[in-house]
Each structure stands twice: as structure tokens, then as C-alpha cells.
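Take a look at the letters that make up each chain.
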Amino acid sequence: MYKYDNYDQQMVDARVEEFRGQAKRRLEGKLTEDQFKPLRLMNGLYLQLHAYMLRVAIPYGTLNSAQMSALGDIADKYDRGYGHFTTRQNIQYNWIKLEDAADILADLSKVEMHAIQTSGNCIRNISSDHFAGATHDELVDPRPYAELLRQWSSFHPEFTYLPRKFKIAVIAAEKDRAAMRLHDIGIQIVKNDAGEIGARFFVGGGMGRTPMIAPMIRDFVPLDQLVTYAEGCLRVYNRYGRRDNKYKARIKILVHELGAEEYTRQVEEEFAHLLDQGVEPPRPELERLKPFFADPPFEDGPKTVDRSDPDFALWVDRNTHRHKHDSYVSAVISLKPVGGIPGDATGEQIRTMARLAKQYSFDELRVMHTQNIVLPHVKIADLHALWTELDAAELGAPNLDTIEDIIACPGLDYCALANARSIPLAQRISERFDKSGKTAELGELKLKISGCINACGHHHAGHIGILGVDKKGKENYQLSLGGSEAEDVSLAKITGPGFDEDGVIEAVETVTDVYIAQREDGERFLDTYRRIGMSPFKEALYGK
Amino acid sequence: MKILTGNDLKTGAVVWWTGNDWSIYVDDAVDVGDQAEEIMAREEAARRVNVPYSLDAEREDDGKVRPAHIKDRVRALGPTVRPDLTLKPQSPEAIDWVI
Amino acid sequence: MGNDSFDSEAGSLGVSPDEVQFRFRDDEVADHGTVTVDACCDQTNATAVRIEPGDDARALLPFLDRLALVEVNFPTFGDGRGYSAARILREAGYTGELRAVGDVLIDQLSHMRRCGFDAFAPDKRLDEEDAVKAFATWDNVYQSAADGRKTIQELRHE
Ligand code: SF4
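This one's a predicted model, so the numbers in the text were calculated from it and none came from an experiment.

**Some remarks on the pairing of strand β9 (residues 197-203) of chain A**
Residues and elements named next belong to chain A.
No. 1: Buried residues dominate β9, accounting for five of its seven residues.
No. 2: Examined bridge by bridge, strand β8 (residues 185-191) and β9 share seven bridges and lie antiparallel to one another. The partner of K191 across the bridge, within β9, is I197.
No. 3: Counting the residues in the hairpin turn of β8 and β9 gives five residues, including G195, whose phi is positive at 85°.

Pasting the structure below:
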């Protein structure tokens, strides 16, 4: 994976010192909260319900054991012994003191990490496929391109005060594991008819209040123009994105209001102009980045496991992903124990995962947008040993992509913007389905919960989505069906009137019953919904 | 009644206005009547509190203070999903007070 | 700051004589008031213009030769359109004074400088020491912008 050189290290260190100064000026009263807020946000520091919250960037979701271990140490040293992995492949800490923030950033910089641009109206941490560089089905490893864009977007002088936040995802497989088209810019690395590698640009997707699927605006950008094209996309947005209304400020609204065609025309014009401006990093830079992501020294070995232990066999079936080398798999560590808090891990668990990565996965880990952790390169021969250790550390839940693998944002338990709690729903639903034993029968079912319209829990993209709303001071939940963040991307539709907490849990059970009654061979919940439409579900939920 | 809350600038801790200082216990909160703006402006300028705001609350028969909105009750107690991290780790029933 | 001549407390002009707090130019400070972008396009002799966030900086491109001063107004520091305006002018070859005015604060200085601003007239005077530090925030930079600095990527492959 990528290693900082002196320049990268210098940049991060400079930022730590800059932030230390800013925090000091705030504490001395030289900065008002209004002035300080965007500065702390650009270093990932929020003020949440109970304390400051720090969000640490995990560029394209990739990290090594030392970094993971440091994240565990920070949880113990500065927080209350745990961290929360987010749907943006980052980690956040809930109980941070402003006085400590600069020291945490300094600790992070020792392991080549930071919290730069994890919030604020700037280009956020770049996300990617969590199986990048390991999966059997990718064209190339997307991460060198993501790293190129990471450097370009870090401290970008022109794009630090955009109309609104800006999220970029880069993938390089037909299968979309990064919700690419629900990003402000989604980039798919593709091969054209001439056999050259380039980038396909989708712009103007997003979730939030007005969810939209990004239209494609360019099917092939040559690799030596990638950064320049992105710069064109951003400049048009910075100049013309709406600033009169926070809720209409995302690029999806600009693209929607202009129309994809007109937006594209403006980008192409800006791009043509920028091509002469020397914006693109020299081509050798990309070649410098690629070897950092080269394959580790894989060895041939057994290609199957001993399935005599049914618990182990179930975990293998559910929690591993096919690797490009047939003696390996990518193993997923579920952070969704039954009744647990999705995405939370203790300092101890984080260090355990770090140690296991070192032992079994060439020192590498990934964070998934579904709030789980991947050990990308595990020898099939080592799987049983790995699983045994995971199980002992309560990290062995065999529930990937099932109804127990729920995405839930922090919601009203932690988040200042929330309308309702998300976590208790996730806990109760996973307990209920685990107990009834229906989880296996339901197969792949993606349930996603957000505590407010900001949609951090991706509810628009859930096969089943739940959105917390405020109904006269009481928590209320809207149910929606039919969303997907994958290559068959679609936005979920609301079933009808909302429910209280008990009601929405019942409602989830009801819609799964409709699915079981109506499904045809091999259909997932989503497929059945797409075939039969909303009405049967509505009828079951609300009567005629 | 109207009470004031905010966060401690340095630590971020949730605090409530007691009439002459800030306390982490909502039960210490006092009714500020129509003085809210004045107190908040003064206290914020002195950096004794960060992003203060006023809210409605009720004083219950036992003298305890109950904020009107669930969000402020969550702030007053702590995360309902981590009773061990709330201000009342020994009394799980405190969660019911929030909801 | 690099090798720029750093001329604090420069002589000044524009909306109010004492407002320019930092200036990175050696030329004489011209003495003329600014006009709006619209007026500048209509008026053949204006030599100083003021860009508001909603203005199209490209409307000025035909007149760059006669302009000695462009002020870019930041009514609030969070409105970043002025950064693009500045770069667009520099990319088009404008070499006159490019002055950031309005809600210009310490922590925006380094980025403004990179986008081509070479004079700063903040609404509220800035702490001198903090500002000097802010201008020098970045020893090196990741992007090519209007300040002509070599990027880190270029330095890596020299
Ligand atoms: S969706 Fe809303 S409640 Fe949930 S984390 Fe995001 S902002 Fe907070």
C-alpha cells in the first residue's frame, strides 16, 4: 500500500501544526466559533451531542496493521475505549476534547494518517472498492488513481470553500461495491475499444434530502488527463453551484437544474481551457504510485477448506469473497454482532484485527462502507485459524449481506442533527431475526437506517430502508423499499405513513414475510420487489 | 421553564446553566426567564461555554429537571445504547426517562 | 512566502486607503477607485474593477490589458467563488494587482495567495504575526495553481 515520502509527511505535519495554532487561537478567543467551525471541520472535528467528535480519514479504506493498531490506541488513550467505523470508510471517535485534538493528529501523523478534509465544504476522503487489489473481478487496482486524486484534492487552494461537501469514489470493476453512482463524482476505471485504460465520469449523484443517481458525463477520460478533468468538474461547481440554500447546494442539484448535457458542456469547455494550464501531475507520478499497490508474494496452497465444523463453514460461505489468486480469499470481519452497535469496535478489538492482519493478510486491512472490516488476502489454508481467533474476540459473526448486517448511522444517540435513534432499531432487528432463525432464509437483504434526512445510513439505497423523522417531538420511522447502491443502483421508495419504534420493527418483519410468500426461485428480496412492485407490500403493511 | 445548555469549550462536555456557573447535571439547571440572550452572550464571550442555546424544560415534582425535547434528554443523560457511558451507569431505568 | 517581497503596511488605494494590509508587489500602488464588472465592460477607460461573488470573471478577459487592479470581494469567508475568479484571471495572463477584500481571515490567506492574490485588504485588520505564519503554511504544494510553484509531483520527478 501507499507509503508517504518526505513531502507527504511534511504536508501532514504542517497541517497538524496549523491546526494546533488554530485550536490555540480559538481557546484564546482570537477566533470566534463561527470562524473556527469550518477550520475544525476541515480537520474532522465536530461538536456533537455529548462532546467533540473526531473523524479520521482512511484513504480509500486501506490501512496497515500499524495504522489500525494506532486507531485502537487512540480509542483507549483519548476516547472511551472504542471507535465507530462509518459508511465513508472512516473511523470516528465520540468523546474527544478540543485540548487533545492536535495531539491526536500528531499521533496519527506518526503512522501516516490524518483527519484532513473529513468534513467541511471541501473534497472529502476518497472512497473505493474495499476488495480493490484482491478481488477476482477487477480490471486494475483502482487505488493508484484514488491516491493520485487524494493528493490533488488535499489542501486544494481553489476548492476549500465549495458550496457544499464533495465526495468522490473510484472503482475499477463492473460490480460496484462503493456506491459509486451515489457520489458527487463517481469514477470507474475502464478499458476502451483500443485497449487503453481510462476513467469514466459520473457526476451529480448523492443521497441526503434529494437522492439522485449520477449520470455519466464522459465515458472515457485518458489517464493523463484525469486530474484535469476532475478539476474542470469542480471549477464549474465552485462557480455555479447554489449558495443561496444549503439544501440545494450539492452538485447533484446543479447538474439536475442545468441538465446533465449543459453541465457536461460547461465542464468540457473548462476542461479544454485547463488542458493548457499544466494542472495534470506529470505522468511518471502515476507510474510511481502503482508499485505501492503491487501484489504481495502470494503462494500456492489448498483451495478448499474442511467444512466439518458447520459454524466455520457458514462463516466461510457468508463472510469470504473470491480472490484473484485461487489459494486466497478476502475475509470479512463483521462489526455487526447480534444486538451490537453497527460499526463499533473496542480499542482491544481494533488491535486484535491489526494483529490478525499482520499474521494472516500481508499486513493489510480495509474498511467497508457497510461498516465492516476486510482482511483482503487470507490464505485459504489459514482460514480456520483466523476464524477461531475472530470468534474468540467476538468478531466472528457470520452475517455479511444478511438482514443482520445492518448499516446504521449514529443517530440520536450521538448525532446533533438526528431526529431519531438508529442504533436501537438495528440492535432489536438483528436480535429478532437471529432468534427466529429467518436470517438464513432471507438470504441477501440490505437493511439501512438513517437517523435523519442526511442519509449517512444510506437508507435510500437499502433493499429495505428506514429513516428517522421527528413527529411532534417523538421518534418516528419511515420505511422504504427497493433501493440499491450496487451496479443495479436504484433509489428506495417510501411505503407510506411512518411507524413508531415497535411498529417499524413489525413492519420489517411484515415485508420480509411478503417476500418469502411471493419469491420465485433464486430471487433476492430486491428482485422480488422489482418484479411485483410496491402494492403487495403496502397491502400487507396498511391493509387495503 | 427556560433553561440554558451548551458545551464546554475545552472538553466539549454538555453543560447546563445553574445561575452562576455551568454544571454537567441537568437537575442543576435554573429557569432563566427572559434573560437567556443576555446570559448566553456574556458567557460565550467569556468562553465559559460554547454554542449555548435555550430550551424548554419542566421541573418535576421531585425537583428534577426534564427537557421538553428528546434530543436534550439524550444530551442530559448520554447515549441510550451505552448505559455504561451515561451519567447514571448504575441505573438502566434512566434510559426510560429519555424516551 | 517564498521569494516574494513581503510588503506589509503597503500604501493603498481602492475603497478605503488604509485597507491594504499585505501586498506582494513592488510596483507603485495606482490610485483609482474600482467600478463594477458591468461598468467595466461598458466603460472603455476603467482601470480598476471589483468582482462580486456572482460575477463572471471571464467577462473581464477582453479588458485585461487596461486593468491595473482587480478587487475580488469576499462578503463572507465561506463563499469560495473568488478563488476561481482569481485563478481564471491569472490563467488568462492578468499581471496587475489582484486584491482580496472583505471577510478575509488568517486561515484563508495561504490558499488565496496560491490562487493568485497578491494584495489583501481584510475588513478587520489581521494579527500580523499570525498572518505571516499563515502565508508560510506550506513548504510544498500538491497542486499547480496560479502561484507558479513547482508541485510535489513535479519535484519528485525532476
Ligand atoms: S443520517 Fe442524520 S442522524 Fe444519522 S449520522 Fe447522518 S446526520 Fe446524524
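Text resumes after the structure shown.
**A word on the interface of chain A and chain C**
No. 1: The partner chain C presents 37 residues to the 46 residues of chain A that form the contact.
No. 2: For the chain A and chain C pair, buried surface summed over both sides reaches about 3,600 Å², with 53% attributable to carbon and sulfur atoms.
No. 3: Per-residue buried area on chain A facing chain C is highest for A:P157, A:Y161 and A:R239; these three make up 21% of the total on that side.
No. 4: Across the contact surface, chain A and chain C share twelve salt bridges.
No. 5: Note that A:R235 is salt-bridged to C:E91, the shortest N-O span being 2.8 Å.
No. 6: Applying the counting criterion to the chain A and chain C interface returns 29 residue pairs in polar contact (both at pLDDT 80 or more).
No. 7: By residue number, the principal contributor to the side of chain A that touches chain C is helix α1 (residues 6-27) of chain A, which donates nine residues.
No. 8: Of the residues in the side of chain A that touches chain C, the class split is 18 nonpolar, twelve polar and 16 charged.

**A closer look at the domain arrangement of chain A**
All names here are of chain A.
No. 1: Taken as a whole, chain A is organised into domain 1 (6-109), domain 2 (134-291), domain 3 (310-392) and domain 4 (407-542).
No. 2: The C-alpha centroid of domain 3 is placed 31 Å from the C-alpha centroid of domain 2.
No. 3: Opposite the six residues of domain 2 that make contact, domain 3 presents ten residues.
No. 4: On the domain 2 side of the contact with domain 3, A134, H136 and R143 bury the most area, a combined 72% of that side's loss.
No. 5: Here domain 2 is connected to domain 3 by one salt bridge.

**A short note on the sheet that holds strand β17 (residues 447-450) of chain A**
Residues and elements named next belong to chain A.
No. 1: Read from one edge to the other, the open sheet built from five strands follows the order β16-β17-β18-β19-β20, with strand pairing classed as mixed. The sheet is open, and its two borders are formed by β16 (407-408) and β20 (493-494), each paired with just one other strand.
No. 2: Taken together, the eight bridges between strand β18 (residues 464-471) and strand β19 (residues 474-481) define a ladder with antiparallel strand orientation. Each residue of the ladder has a partner; that of I464, found in β19, is L481.

**Description of the environment of C:A119**
All names here are of chain C.
No. 1: Structurally, A119 is set in strand β7 (residues 119-122).
No. 2: Classification of A119 as buried rests on a relative accessible area of 0%.
No. 3: Placed 21 residues apart in sequence, A119 and L98 show a C-alpha to C-alpha distance of 6.1 Å.
No. 4: Excluding residues that lie within four positions of it along the chain, A119 makes contacts with V20, F22, R23, E97, L98, R99 and A100.

The rules behind these values
- Throughout, a residue's number is its position along its own chain's written sequence, starting from 1.
- Chain letters start at A and ligand numbers start at 1, both assigned in the order the entries are written.
- It should be noted that, the model being predicted, local features are given only for residues of pLDDT at least 70 and side-chain atom pairs only at 80 or more, the latter also being counted only at that level, while totals for whole chains, interfaces and linings use all residues.
- To get the side-chain values, take all heavy atoms of the structure and skip hydrogens and water.
- Throughout, exposure labels follow a simple rule: accessible area from a 1.4 Å probe, protein chains only, divided by the maximum for the residue type, with under 20% read as buried, over 50% as exposed, and the rest as partly exposed.
- Labels follow the DSSP assignment, with helices taken as runs of H or I lasting at least four residues and strands as runs of E lasting at least two, numbered in each case from the N terminus.
- Two strands pair under a simple rule: DSSP has to find at least two bridges between them.
- Whether two residues are in contact is decided by their heavy atoms: any pair within 4.5 Å suffices.
- Simply put, the buried area is the total loss of 1.4 Å probe accessible area from both parts when two parts are fitted together.
- What counts as a salt bridge is simple: a side-chain nitrogen of Lys or Arg found within 4 Å of a carboxyl oxygen of Asp or Glu.
- Two N or O atoms form a polar contact when they lie within 3.5 Å of each other; inside protein one atom must be a possible hydrogen donor and the other a possible acceptor, and for residues adjacent in sequence the pair counts only when both atoms belong to side chains.
- Following the grouping adopted for this structure description, the nonpolar residues are Ala, Val, Leu, Ile, Met, Phe, Trp, Tyr, Cys and Pro, the charged ones are Asp, Glu, Lys and Arg, and the polar ones are all others, Gly among them.
- Just so you know, the domain bounds were taken from an automatic or database domain assignment.

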